[in-house]
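# Commentary on secondary and tertiary structure
Residues per chain, in single letters:
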Amino acid sequence: QVQFVESGGGLVQPGGSLRVSCAASGSIFSNYAVGWYRQAPGKQRELIAWVTNGGRTYYIDSVKGRFTISRDNAKSAVYLQMYSLKPEDTAVYYCNTAPIPQQAYWGQGTQVTVSS
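These lines cover the structure that appears in this document, whether it is placed above or below. (Residues numbered from 1 in each chain as written. Predicted model: local features only at pLDDT ≥ 70, side-chain atom pairs only at ≥ 80, totals over all residues. Heavy atoms only, no water.)

### Focus: the layout of surface pockets
For the record, the criterion: Here a cavity means grid points, on a 1 Å grid over the protein atoms only, where a 1.4 Å probe fits yet cannot get out; a pocket means an open set of points with protein on both sides within 12 Å along at least five of seven lines; lining residues are those with an atom within 4 Å of a point. Grid points are joined across faces, edges and corners, and a volume is the space filled by probe spheres set on the points. Polar here means any residue outside two lists: the nonpolar Ala, Val, Leu, Ile, Met, Phe, Trp, Tyr, Cys and Pro, and the charged Asp, Glu, Lys and Arg; Gly therefore counts as polar.
Computed from the structure, the largest pocket encloses a volume of approximately 160 Å³. Within the lining of the largest pocket, the residues separate by chemical class into one nonpolar, four polar and seven charged.

### Focus: the pattern of salt bridges
When the charged atoms of two side chains lie near each other, side chains of opposite charge can form a pair. Definition in use: Salt bridges are defined as contacts in which a side-chain nitrogen from Lys or Arg sits within 4 Å of a carboxyl oxygen from Asp or Glu. We count a stretch as a helix when DSSP gives it H or I for four or more residues in a row; a strand needs E for two or more, and each element gets its number in order from the N terminus. A simple rule labels every residue: compare its accessible area, found with a 1.4 Å probe on the protein chains alone, to the largest value its type can have, and call it buried under 20%, exposed over 50%, or partly exposed in between.
For the structure shown, the criterion picks out four salt bridges. A salt bridge links Arg 38 to Asp 89, with the shortest nitrogen-to-oxygen separation between them at 2.9 Å. A residue pair is termed long-range when its members are at least 10 positions apart, and Arg 38 in strand 4 (residues 34-39) and Asp 89 in the loop between strand 8 (77-82) and strand 9 (91-97) qualify at 51 residues. For the pair Arg 38 and Asp 89, one class covers both residues: buried. Across the pair Asp 89 and Arg 66 runs a salt bridge whose closest N-O atoms are separated by 2.8 Å. Here Arg 66 lies in the loop between strand 6 (57-59) and strand 7 (67-72) and Asp 89 lies in the loop between strand 8 and strand 9, a separation of 23 residues in the sequence. Taken individually, Asp 89 and Arg 66 each receive the classification buried, so the pair is uniform in this respect. When salt bridges with common partners are traced through the structure, they connect Arg 38, Glu 46, Arg 66 and Asp 89 into a single cluster.

### So, the sheet that holds strand 5 (residues 46-51)
Selection criterion: By the convention used here, strands pair only if DSSP detects at least 2 bridges between them. Here an axis means a line fitted to C-alpha atoms, over the contact stretch when the element is a helix, while the angle between two N-to-C directions is reported on a 0 to 180 degree scale.
Read from one edge of the open sheet, six strands run 2-10-9-4-5-6, paired in mixed fashion. Since the sheet does not close on itself, it has two edges, and those belong to strand 2 (10-12) and strand 6, each with one partner. When the angles between neighbouring strand axes are averaged without regard to direction, this sheet yields 25°. Note: strand 4 against strand 9, six bridges, orientation antiparallel. Within strand 9, the residue paired with Val 34 across the bridge is Thr 97.

### Overview of the side chain of Arg 66
For clarity, the cut-off: Polar contact is defined as a pair of N or O atoms within 3.5 Å, subject to the rule that within protein one atom must be able to donate a hydrogen and the other to accept it, and that residues adjacent in sequence are counted only when both atoms are side-chain atoms. Here a residue-residue contact requires only that any non-hydrogen atoms of the pair lie within 4.5 Å.
Arg 66 gets classed as buried once you look at its relative accessible area, which sits at 10%. One polar contact links the side chain of Arg 66 to the main-chain carbonyl oxygen of Ser 62, over a distance of 2.9 Å. In this structure Arg 66 touches Gln 81, Met 82, Tyr 83, Ser 84, Leu 85, Lys 86 and Asp 89, once residues within four positions along its chain are discounted.

### So, the nonpolar core
To be explicit about the condition: As used here, the term nonpolar core means buried Ala, Val, Leu, Ile, Met, Phe, Trp, Tyr and Cys residues forming a set that is joined through side-chain atoms within 4.5 Å.
In terms of nonpolar packing, the biggest core is built from 27 residues, with Phe 4, Trp 36, Phe 67, Val 78, Leu 80, Met 82 and Tyr 93 touching the most fellow members. Looking at this core, the element that brings in the most residues is strand 3 (residues 18-26), giving four residues. Among the nonpolar cores identified, the runner-up in size contains seven residues, and Trp 50, Val 92, Tyr 94 and Ala 98 belong to it.

This is the structure in structure tokens:
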């Protein structure tokens, strides 16, 4: 069993940057591939970036080149650094195992709002 707690969201202007963090507790974090998901208003939650336990990273096209996912196994943490933010990046951001999330592991998420 793993618990994820997201933090670091906020309001940012278009073109700005933000880093969100996810702290994991419970089972052995380093065994899992983990990812960042987001859910925009009126849309389904989607996986946008993930990192394997070996450090290999994957991104969907809409965030490639703008977002960077990283993990720190010593701290049981995963991060998402976001640059060149757009209004369409507005969503609640979650972390979970990837590419298949575990329903029991969803946390509260952290709200990211991109607006002038």
